[in-house]
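Summary of structural features
Letter by letter, the chains look like this.
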Amino acid sequence: MRYLVNTFQKRKTLLSLIRRLSSLFLLSVASINLAFADGSVIDKVYHPYVDAMEKELEFRSFFQNLPATNSLPEHVHQLSIGSAWGQSLFGEAKLVGSKTQQNGFQLSAVEFELKWQLTEQGEYSADWGLVFEIEHGMERTPDELSVGLLIEKEFGRWSTTANLFAIQEWGDAIEGEFETAFGLQARYRQSRLFEPALEFYLGQDTVGIGPVLIGATNLGARKSLSWEFGVIAGVSSKSPNSTYRLLLEYEF
Amino acid sequence: MSESAMLSMTKNTGPMLIVLSLLIALSFVTELAKAETLEVELRIRDHLFFPSTLIIPANQKVKIRVINEDPTPEEFESFELNREKVIAAHSQTVIFIGPLEVGEYPFFGEFYPKTAQGVVVAK
């Protein structure tokens, strides 16, 4: 009986913490003069899970079709290395390079990311996590600090994931700015090799939606390669006409 | 749609984003389980699962307590159950699955996949 009461109280405390964190996050987003993230917000959709003992190498690429005068990057490439810290934290260090129509390819930022799994997968009606990112921009790229709320819910073979980011930007070339970005993914778990998905992104300069193909294959004990390839169509005048996104991840 | 109309739509999506976020948060707000979740036990010994066939009730959430008796870690993995979790050597963890439709859901140990194999049967 005492075990049951303790378990119940632990759950209540955890749920209360999650609710407070979520409320604080949403209130902070709502109370500050709201702006969407400028530039493209098309990225991967983060899942709120950490696989203990996992290490990974990840490569992401984005190619955007832009009007001739647009100063947004045409290509963005990210290379990162990451490792799990215990059961619920995952840290990742990244190098980001980009190419605009005016400038050639160059290193544009270095970034550190920390993901925190808040709840056990499947224990509650949805799974929760947080991701923190700090980015140091080179030359005219601003510095950036962001926190993202990650929520995932299973409906049979469907998994729906929502990411809501609050972002603070600062730097010599820009005025400090608080922004938000939103990403949504609905994924059908057809097979490990083939999981079709639909993604939606919302930011100041981006409203985009499009299909993504997700898959993975085992390469031996605790070694796997996973991939994501998507085409996100812009549905507002300021969005890139289309963005091709590619992600390759080697887990070991 | 004109450029100004599109720009206006983009600007006016601020309140929409807040409403959308609140709706998502509300719809995903986690509730305490109304009844205690059924718990079953799964042991890992000599890189084998015991029992290798885990029979559980269909349409009900189940908590699997996985106890690793081996001196090496193992990972419970199942695409069909959408779960993967590492269990350190000589330790235990819990994995929540379901509610599942009637059927069979295979799982395996990623560190020793040739021997560590099992199936969840939902009846």
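A quick note: this is a predicted structure, and the numbers were derived from the prediction, not measured.

Our next topic: the overall build of chain B. Regarding its fold elements, chain B presents two helices and nine strands. A buried classification covers 25% of the 123 residues belonging to chain B. Nonlocal contacts in chain B, meaning residues at least 24 apart in sequence, comprise 60% of its contacts between residues at least 6 apart.

All right, on to the overall build of chain A then. Looking only at helices and strands, chain A features one helix and 12 strands. The order of α-helices and β-strands along chain A, N terminus first, is α-β-β-β-β-β-β-β-β-β-β-β-β. In chain A, buried positions account for 31% of the 252 residues. The contacts in chain A between residues at least 6 apart in sequence include a share of 52% that link residues at least 24 apart.

Turning to the sheet that holds strand 2 (residues 48–50) of chain B, a few remarks are in order. Paired through their backbone hydrogen bonds, the strands of a sheet run either parallel or antiparallel. Residue and element names in this part refer to chain B. The sheet built from four strands is open, its strands ordered 2-1-4-7 with mixed pairing. Single-partner strands in this sheet number two, and they are strand 2 and strand 7 (91–97). In this sheet, neighbouring strand axes are inclined to one another by 25 degrees on average, regardless of whether the strands run parallel or antiparallel. Pairing of strand 4 (residues 62–68) with strand 7, which is carried by seven bridges, proceeds in the antiparallel orientation. In the sheet register, I67 faces strand 7, and the bridge partner there is Q92.

A word on the confidence of the model for chain A. When the pLDDT values of chain A are averaged, the result is 86; 83% of them are 70 or greater. Segment residues 27–34 of chain A: pLDDT under 50, and 11 contacts once partners within four positions in sequence are set aside and those in other chains are kept.

With that out of the way, let us pick up the pairing of strand 5 (residues 127–137) of chain A. In the case of a regular strand, side chains alternate between the two sheet surfaces. Residues and elements named next belong to chain A. Pairing analysis gives nine bridges linking strand 4 (residues 106–117) to strand 5, with the strands arranged antiparallel. Considered in strand 5, the bridge of F112 is made with I134. As judged from the nine bridges shared by strand 5 and strand 6 (residues 143–155), these two strands associate in the antiparallel manner. Bridge assignment links W128 to a residue of strand 6, and that residue is I151. Counting the residues that bridge the hairpin from strand 5 to strand 6 gives five residues, and of these E139 lies at a positive phi of roughly 50 degrees.

Before going further, it helps to examine the sheet that holds strand 5 of chain A. All names here are of chain A. Taken in spatial order, the 12 strands close into a barrel running 1-2-3-4-5-6-7-8-9-10-11-12, and their pairing is antiparallel. Ignoring which end each strand starts from, the neighbouring axes of this sheet average 20 degrees apart. Pairing geometry for strand 1 (residues 55–65) and strand 2 (residues 75–85), over nine bridges, is antiparallel. Within strand 2, the residue paired with E56 across the bridge is G82.

Let us look at the confidence of the model for chain B. Should pLDDT be low for a region, the predicted coordinates there are not to be read in detail. Residues and elements named next belong to chain B. The predicted model of chain B has a mean per-residue pLDDT of 84, with 72% of residues at 70 or higher. In this model, residues 1–12 is a region of pLDDT below 50 whose contacts with residues beyond four sequence positions or in other chains number nine contacts. Predicted complex metrics record ipTM = 0.81 and pTM = 0.83.

On to the pairing of strand 9 (residues 195–202) of chain A. All names here are of chain A. Judged from the six bridges that link them, strand 8 (residues 177–188) and strand 9 form a sheet pairing that is antiparallel. Along strand 9, the bridge assignment pairs L184 with F200. Counting the residues that bridge the hairpin from strand 8 to strand 9 gives six residues. When strand 9 meets strand 10 (residues 207–220), the two strands line up antiparallel, connected through eight bridges. Each bridged residue has a counterpart across the sheet, and for L202 the counterpart in strand 10 is V207.

Another aspect to go through is the environment of A:T206. Residues and elements named next belong to chain A. Following the sequence through the fold, T206 ends up in the loop between strand 9 and strand 10. Separated by 129 residues in the primary sequence, T206 and H77 have C-alpha atoms spaced 19 Å apart. Discounting residues that sit within four places of it in the chain, T206 has contacts with S40, V41, I42, Y201, G234 and S239.

In this section: the environment of A:K238. Residues and elements named next belong to chain A. Inspection of the secondary structure assignment puts K238 in the loop between strand 11 (223–234) and strand 12 (242–251). Judged by the 18 C-beta atoms lying within 10 Å of it, K238 falls in the partly exposed class. Put simply, K238 and N65 are 173 residues apart on the chain and 12 Å apart in space, counted from C-alpha to C-alpha.

Once that is clear, we can look at the nonpolar core. Residue and element names in this part refer to chain A. Counting 25 residues, the largest nonpolar core has I42, L150, I151, L164, F165, A181 and Y201 as its most contacted members. Of all elements in the fold, only strand 6, strand 7 (158–170), strand 8 and strand 9 reach the threshold of two or more residues within this core. Ranked by the residues each element gives to this core, the list is headed by strand 7, at five residues.

With that settled, consider unusual backbone geometry. Of note, the bond from B:F50 into B:P51 is cis; its omega dihedral lies within 30 degrees of zero at -5 degrees. Examined against the element boundaries, B:P51 turns out to sit in the loop between strand 2 and strand 3 (53–56). The peptide bond linking B:G98 to B:P99 adopts the cis configuration, its omega dihedral lying at 0 degrees. Following the sequence through the fold, B:P99 ends up in the loop between strand 7 and strand 8 (103–109). Positioned with a positive phi, A:M53 is a non-glycine residue whose angle comes to about 70 degrees. Relative to the helices and strands, A:M53 resides in the loop between helix 1 (2–31) and strand 1.

Rules used throughout
Residues numbered from 1 in each chain as written. Chains lettered and ligands numbered in written order. Predicted model: local features only at pLDDT ≥ 70, side-chain atom pairs only at ≥ 80, totals over all residues. Helix = DSSP H or I, 4+ residues; strand = E, 2+ residues; numbered from the N terminus. Buried ≥ 20, exposed ≤ 12 C-beta atoms within 10 Å, placed from the backbone. Contact = placed C-beta atoms within 7 Å. Pairing = 2+ DSSP bridges. Axes fitted to C-alpha atoms, helices over the stretch in contact; angles between N-to-C directions. pLDDT = per-residue confidence, 0-100. Core = buried A, V, L, I, M, F, W, Y, C linked by C-beta atoms within 7 Å.

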